[in-house]
Amino acid sequence: MTTDAIKGFPKDFRWGAATASYQIEGAKDEDGKGPSVWDMVCRQPGFVWEGHTGDVACDHYHRLEEDIQLMKACGLRAYRFSLSWPRIIPDGNGTVNEAGLAFYDRLIDALLEADIEPWITLFHWDYPYALFCQGGWLNPRSPEWFEDYTRVVVKRYSDRVRHWFTLNEPQCFIGFGHDVGSHAPGLRLGLSEVLLAGHHTLLAHGRAAQILRAEARTPAQIGWAPVGCITFPATDRPEDVEAARKEMFDIKASSDPHNNVFNNTWWGDPVVFGRYPEDGLRIFGSAMPRVTEADMQLIAQPLDFYGGNIYCGSTVRAGADGEAEHVETTPGHPLTLYGWKCKPETLRWGVRFLYERYNLPIVVTENGISCMDWVMEDGAVHDPQRIDYLSRHLKALRQAITEGADVRGYFHWSLMDNFEWSEGYKQRFGLVHVDFGTLQRTPKDSASWYAEVCRTNGANL
Ligand code: GCO
């Protein structure tokens, strides 16, 4: 595709930032909230770095009005947040907790008052502990439990909320949580059980999408937020582009018996096409659960956009036979605090390849960088790496748009530093610095820089 005239971002492009309930709220057992599987693993010695927990996190539960002001300082037009299922239904199924519902009422009303559009993620990993004790995602009733939970929140919030994500990163909460064991609930299951739990989450996605479509009180815009496992071409040569595209969407047998489902198509193809990818079916063979045509029809509910949590990717070129060859990066290549390589092309090609495969508008549901941020002697938090990372990645995103990708929004990860799962509070992704001792918030330099991006719709890039 030619890139003669760099187009800007679409006029109604949604500039936002994202968080997740367990990572920022705290109030782990306040006002009737039930425990989640992340509360469980935080009690397991050695599971989280330095024994950190989400018991308090950013204490957002008690500071939402202050945090809305921070969102305004960051220039947000939209805010992506998740609901804590066990805060709303403490046992995960059955009795609803009015105080939990009321918290999100206050948050949504304050967002609308601040002219910030609420985008809700139904599930971002804080699975109800009580349901985990009944088998969790392995239980064949788990899709029904998720449907019941969705029905409660759609009834309560869909008069004011129009944008919904069903699941955040099944590759992580099934892959890391039930296969690798590094995320909650910390299981290292056999492949059959991993695929069964994965199938139930896809059924849960389908049921939630049906409820949203049928029962939302304002027309719902429905999507989901898988992680983007990105490979991109070393050059724009067609053969490199095709090799990278193929590599990004192939499923290959894993040498690690506990790392089988961290890919794009095992999840994206059922949701969009209503079928599991043939290469995965061949590899997984007899480990597959019993799947019916009715299952696949339920999973493939019509969506309005396809989300992508896109951070880093790997570079590929076409070998002599056209097959992908991974290109090693030079020693000393720029790395984030997490050790992720900074490669802006990831966003250009990741968005393009996902758009060209699934033919749905794309929303970048997460992108950002973990830096070694701290409050400096002058009282400010200078984060030039984050500004540079953002500038490069947003230009790459703009190029994808110029090359024809239909991109509707960008949610920066994250609004504020928060609980980074098994890494605890070591990784800082926020536009706003949080002192986890005092809970004082300090907008970083990137906050005002990003506010200008939001205000000018990217014209300042
Ligand atoms: C993810 C999760 C976020 C993480 C963020 C940084 O993509 O892993 O959605 O909760 O905190 O991506 O790793």
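All figures in this text were calculated on a predicted structure; none of them were measured in a lab. (Residues numbered from 1 in each chain as written. Predicted model: local features only at pLDDT ≥ 70, side-chain atom pairs only at ≥ 80, totals over all residues. Heavy atoms only, no water.)

Points about empty space enclosed by the protein
In this approach a probe as big as a water molecule rolls over the atoms, and the regions it shows empty are the leftover space. Overall, the coordinates contain four cavities of 30 Å³ or more when judged by the stated rule. Taken as a whole, the largest cavity spans an internal volume of roughly 80 Å³. For the largest cavity, the full set of lining residues is Val-37, Trp-38, Phe-123, Trp-125, Tyr-127, Phe-132, Gly-136, Trp-137, Phe-173, His-178, Ala-184 and Pro-185. In terms of residue class, the lining of the largest cavity is made up of 10 nonpolar, two polar and no charged. (1 Å grid on protein atoms, 1.4 Å probe; cavity = no way out; pocket = protein on both sides within 12 Å on 5 of 7 lines; lining within 4 Å. Points joined across faces, edges and corners; volume = space filled by probe spheres on them. Nonpolar A, V, L, I, M, F, W, Y, C, P; charged D, E, K, R; others polar.)

Regarding the site of the ligand
Residues in close proximity to the ligand total 14 residues, the closest being Gln-23, Glu-169, Tyr-311, Glu-366 and Glu-420. One of the side-chain nitrogen or oxygen atoms of Tyr-311 is found 2.7 Å away from an oxygen atom of the ligand. Here an oxygen atom of the ligand sits 2.6 Å away from a polar atom, N or O, in the side chain of Glu-366. For the ligand, whose accessible area on its own is 310 Å², the fraction buried by protein is 95%. The site holding the ligand turns out to be the largest pocket. Residues that form the shell around the ligand fall into these classes: seven nonpolar, four polar and three charged. (Near = heavy atom within 4 Å. Polar contact = N/O pair within 3.5 Å; in protein donor to acceptor, adjacent residues only side chain to side chain. Areas by Shrake-Rupley, 256 points an atom, 1.4 Å probe, with all protein chains shown as cover. Sits in = over half its atoms within 2 Å of the grid points.)

Considering the packing of helix 7 (residues 142–157) against helix 9 (residues 191–215)
It is the contact of helix 7 with helix 9, at a shortest axis distance of 8 Å, that shows an interaxial angle of 30 degrees. Put simply, helix 7 runs roughly parallel to helix 9. In terms of crossing hand, the pair formed by helix 7 and helix 9 is right-handed. Two secondary-structure elements touch here, helix 7 through Ser-142, Pro-143, Glu-144, Phe-146, Glu-147, Thr-150, Arg-151 and Val-154 and helix 9 through His-200, Leu-203, Ala-204, Arg-207, Ala-208, Ile-211, Leu-212 and Glu-215. Classifying every residue of the contact of helix 7 with helix 9 by side-chain character gives eight nonpolar, three polar and five charged. (Axes fitted to C-alpha atoms, helices over the stretch in contact; angles between N-to-C directions. Helix = DSSP H or I, 4+ residues; strand = E, 2+ residues; numbered from the N terminus. Parallel < 35°, antiparallel > 145°, perpendicular 65-115°, else oblique. Left-handed = near helix turned anticlockwise from the far one by under 90°. Contact = heavy atoms within 4.5 Å.)

Some details on the pattern of salt bridges
Within this structure, the stated rule accounts for 43 salt bridges. Two residues, Lys-28 and Asp-29, come together in a salt bridge whose shortest N-O distance is 3.7 Å. Residue classification places Lys-28 among the partly exposed positions, given a relative accessible area of 29%. Here Asp-109 ties to Arg-160 by a salt bridge, and the two come within 3.0 Å at their closest N and O atoms. (Salt bridge = Lys/Arg side-chain N within 4 Å of Asp/Glu carboxyl O. Buried < 20%, exposed > 50% of the residue type's maximum accessible area, 1.4 Å probe, protein only.)

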